[in-house]
Amino acid sequence: MTFKPHLPYNTVMFLYIPSAVTVKGSAKKVIPEKGKIMHCCFRSFGGTERNVNDVLTVEDTAVIETRYRPDITADCVLKDIHGKTYEILGTPENIEMVNRYLVFKVRAVKGGA
């Protein structure tokens, strides 16, 4: 079965590729100040429902589809144009292993105590 991309890739996201810095003998992930622009197809479907401690919660998740980029890995961070931060869940999938399209799931990072 051939993969059909959901075009157009009209959503602008900023890709932050972390670097590892050794602090007192342990590696620490450092997110850069400036991200790289990427265009993608962002589909949220209203999030993912989860049942935690018998309470139904909706987790803010989405599926992102974009052109293949080898610099997008599981430890990267994405931000949309409104400043909302997303982390990549799992490993991005190189569709049909032909280095054309990349599909991965993201979850919104929420702050607070």
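So, a few notes on the structure that sits alongside this text. Not measured: the values here are computed from a predicted model.

## Focus: the overall build of the chain
- From N to C terminus, the chain includes zero helices and ten strands.
- The order of α-helices and β-strands along the chain, N terminus first, is β-β-β-β-β-β-β-β-β-β.
- Each of the three principal axes of the chain carries a C-alpha extent, and together these read 50 × 40 × 25 Å.
- Restricting to contacts in the chain with at least 6 residues of sequence separation, those with at least 24 account for 55%.

## With respect to the pairing of strand β7 (residues 61-67)
- For β7, the tally of buried residues reaches six of seven residues, placing the bulk of the element in the interior.
- When strand β4 (residues 36-43) meets β7, the two strands line up antiparallel, connected through four bridges. When the sheet's bridge partners are listed, R43 is paired in β7 with V63.
- Sheet analysis places β7 next to strand β10 (residues 101-108), joined by seven bridges and oriented antiparallel. Paired with A62 across the bridge in β10 is V106.

## Section: the sheet that holds β10
- One closed barrel holds the six strands; their spatial order is β1-β4-β7-β10-β9-β8, and the pairing between them is antiparallel. Neighbour-to-neighbour, the strand axes of the sheet open up by a mean angle of 45°, direction not taken into account.

## What to know about the environment of T57
- As for its position among the elements, T57 is in strand β6 (residues 55-59).
- It is 15 Å that separates the C-alpha atoms of T57 and V109, two residues lying 52 residues apart in sequence.
- T57 has contacts with T48, E49, R50 and V52, leaving out every residue within four places of it along the chain.

## Section: the pairing of strand β5 (residues 48-52)
- Pairing of β5 with β6, which is carried by five bridges, proceeds in the antiparallel orientation. Its bridge partner lying in β6, V52 is registered against V55.
- The hairpin formed by β5 and β6 contains two residues between the paired strands, and N53 there has a positive phi angle of roughly 55°.

## Some thoughts on the nonpolar core
- Residues M38, I64, L78, F104 and V106 are the most contacted members of the largest nonpolar core, which totals 15 residues.
- Broken down by element, the residue count for this core peaks at four residues, all from β10.
- If sequence neighbours within four positions are ignored, M38 has contacts with T11, V12, M13, L15, I64, T66, R69, I72, L78 and F104.
- Judged by nonpolar contacts, the second largest core, of six residues, contains Y9, C41, Y101 and V103.

## Brief notes about the side chain of N94
- On the secondary structure map, N94 appears in strand β9 (residues 85-94).
- In terms of polar contacts, N94 uses its side chain to reach the side chain of N99, at 2.6 Å.

## Structural notes on the pattern of salt bridges
- Summed over all chains, the structure comprises seven salt bridges.
- We note a salt bridge from K36 to D71, for which the minimum N-O separation is 3.6 Å. One end of the pair, K36, is in strand β4; the other, D71, is in the loop between β7 and β8 (77-80), with 35 residues separating them in the sequence.
- Exposure remark for K36: the relative accessible area of 43% places this residue in the partly exposed category.
- A salt bridge links E87 to R107; its shortest N-O distance comes to 2.6 Å.

Analysis parameters
Residues numbered from 1 in each chain as written. Predicted model: local features only at pLDDT ≥ 70, side-chain atom pairs only at ≥ 80, totals over all residues. Heavy atoms only, no water. Helix = DSSP H or I, 4+ residues; strand = E, 2+ residues; numbered from the N terminus. Contact = heavy atoms within 4.5 Å. Buried < 20%, exposed > 50% of the residue type's maximum accessible area, 1.4 Å probe, protein only. Pairing = 2+ DSSP bridges. Axes fitted to C-alpha atoms, helices over the stretch in contact; angles between N-to-C directions. Core = buried A, V, L, I, M, F, W, Y, C linked by side-chain atoms within 4.5 Å. Polar contact = N/O pair within 3.5 Å; in protein donor to acceptor, adjacent residues only side chain to side chain. Salt bridge = Lys/Arg side-chain N within 4 Å of Asp/Glu carboxyl O.

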